[in-house]
Amino acid sequence: MTLSENEVEQFQRDGYVSPVDVLSVTEAGELRKKLEATEAKQGGALYPEQRSKSFLLFKWLNDLIRDPRILNPVEQLIGPDILLWNTIFWIKEAGAESFISWHQDTKYWGLSSDQVVTAWIALSPASVEAGCMRVMPGTHRGEVLSHEDRYHADNMLTRGQEISADLNEERAVYMPLGVGQMSIHNYRLAHASGANKSTDRRVGVSMHFMPPDTEQIVGNWDCATLVRGNDPYGNFEPAPVPAHDFDPSAVAFHDKASKAISEVLYAGAAVNDRKL
Ligand SMILES: O=C(O)CCC(=O)C(=O)O
């Protein structure tokens, strides 16, 4: 599974490529079932802290981030040495008002590189109606825009951060995904998504990949896991690979990792209501 020359060019020019076929509908459905079995066991939604650095909690997700069908396209975009920094669950219940305001992740993740990419995979239909992602092509090549913290209960972002400049939304492009498909975007690209007006949950997981020369420049400590090639830099503590879901030693590491990342994401914020 590789990107065509046109798709690589489009990624460089516009900052995204979508859709990319990754999993069969059956495979994606199996992963959704695993996630939902955990939710059922816990009696409801994932806890906020389980949404991020989740590759440390779920063995199936730790396997997914190493899947060549995901890494081959990522390698075409950022090179052969690849660290996975984070995974985040983005679940919008059917009919929920949950949304994601226009933002650029470069502003909040404390990462030094401009090469970080987000691969977002759909485990249920991510149609326009279900509130799929929208992007503003080319914004990854511009400056990091100013953002305001506009805390909102339905905003899935930590502090409701939103680009304060006027964006010409007519230029925005939807990235609808079928079950098992993914989009890839540069983390500087402005993106957003709206409410889920469909009758099914919108279940997605984002995977954030970076070259190993990247540094964490906001937090004192951070971790990552090498998914392909070599890491000659050692800027991130290597994360353990869980032997099974909720492997106790990986869970203990996740506790440290998710607290550390939450501090980075809320750095300078007036309120830390721990959505991630
Ligand atoms: O799930 C969404 O709609 C947006 C996710 C997002 O902001 C991201 O993956 O960076």
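Everything here concerns the structure above.
Thresholds applied
- Residues numbered from 1 in each chain as written.
- Predicted model: local features only at pLDDT ≥ 70, side-chain atom pairs only at ≥ 80, totals over all residues.
- Heavy atoms only, no water.
- Helix = DSSP H or I, 4+ residues; strand = E, 2+ residues; numbered from the N terminus.
- Buried < 20%, exposed > 50% of the residue type's maximum accessible area, 1.4 Å probe, protein only.
- Arc of directions from axis to C-beta.
- Polar contact = N/O pair within 3.5 Å; in protein donor to acceptor, adjacent residues only side chain to side chain.
- 1 Å grid on protein atoms, 1.4 Å probe; cavity = no way out; pocket = protein on both sides within 12 Å on 5 of 7 lines; lining within 4 Å.
- Points joined across faces, edges and corners; volume = space filled by probe spheres on them.
- Nonpolar A, V, L, I, M, F, W, Y, C, P; charged D, E, K, R; others polar.
- Pairing = 2+ DSSP bridges.

Asks: Tell me about unusual backbone geometry, and please be specific about residues and values.
Replies: Residue P19 is bonded to the preceding S18 through a cis peptide linkage, with omega at -5°. Tracing the chain through its elements places P19 in strand β1 (residues 16–21). With a phi angle near 50°, K53 is a residue other than glycine that sits in the positive phi range. Structurally, K53 can be placed in the loop between α2 (25–42) and α3 (59–64).

Asks: How would you sum up helix α4 (residues 68–78)? Please name residues and give values.
Replies: Burial in α4 covers these residues: I70, L71, P73, V74, L77 and I78. Along α4, the residues classed as buried sweep out an arc of 165° about the axis, all on the same side. The residue sitting at the N-terminus of α4 and contributing the capping side-chain oxygen is D67; that oxygen lies 2.8 Å from the backbone nitrogen of R69. Among the residues trailing α4, G79 stands out with phi positive, at a value near 105°.

Asks: Mind laying out the layout of surface pockets, listing which residues take part and the relevant values?
Replies: Looking at the largest pocket, its volume works out to about 300 Å³. Looking at the largest pocket, it is lined by 16 residues, and the ones nearest its centre are A45, L46, R51, I91 and M156. For the lining of the largest pocket, a count of residues per class yields 8 nonpolar, 2 polar and 6 charged.

Asks: Requested: an account of the sheet that holds β1, with residues and values cited.
Replies: Pairing within the open sheet is mixed, and its 7 strands lie in the order β1-β9-β4-β11-β2-β12-β13. Each edge of the open sheet carries a strand with a single partner, namely β1 and β13 (237–238). Bridging between strand β4 (residues 117–122) and strand β9 (residues 181–186) involves 5 bridges; their strand directions are antiparallel. Its bridge partner being in β9, T118 is matched across the sheet by H185.

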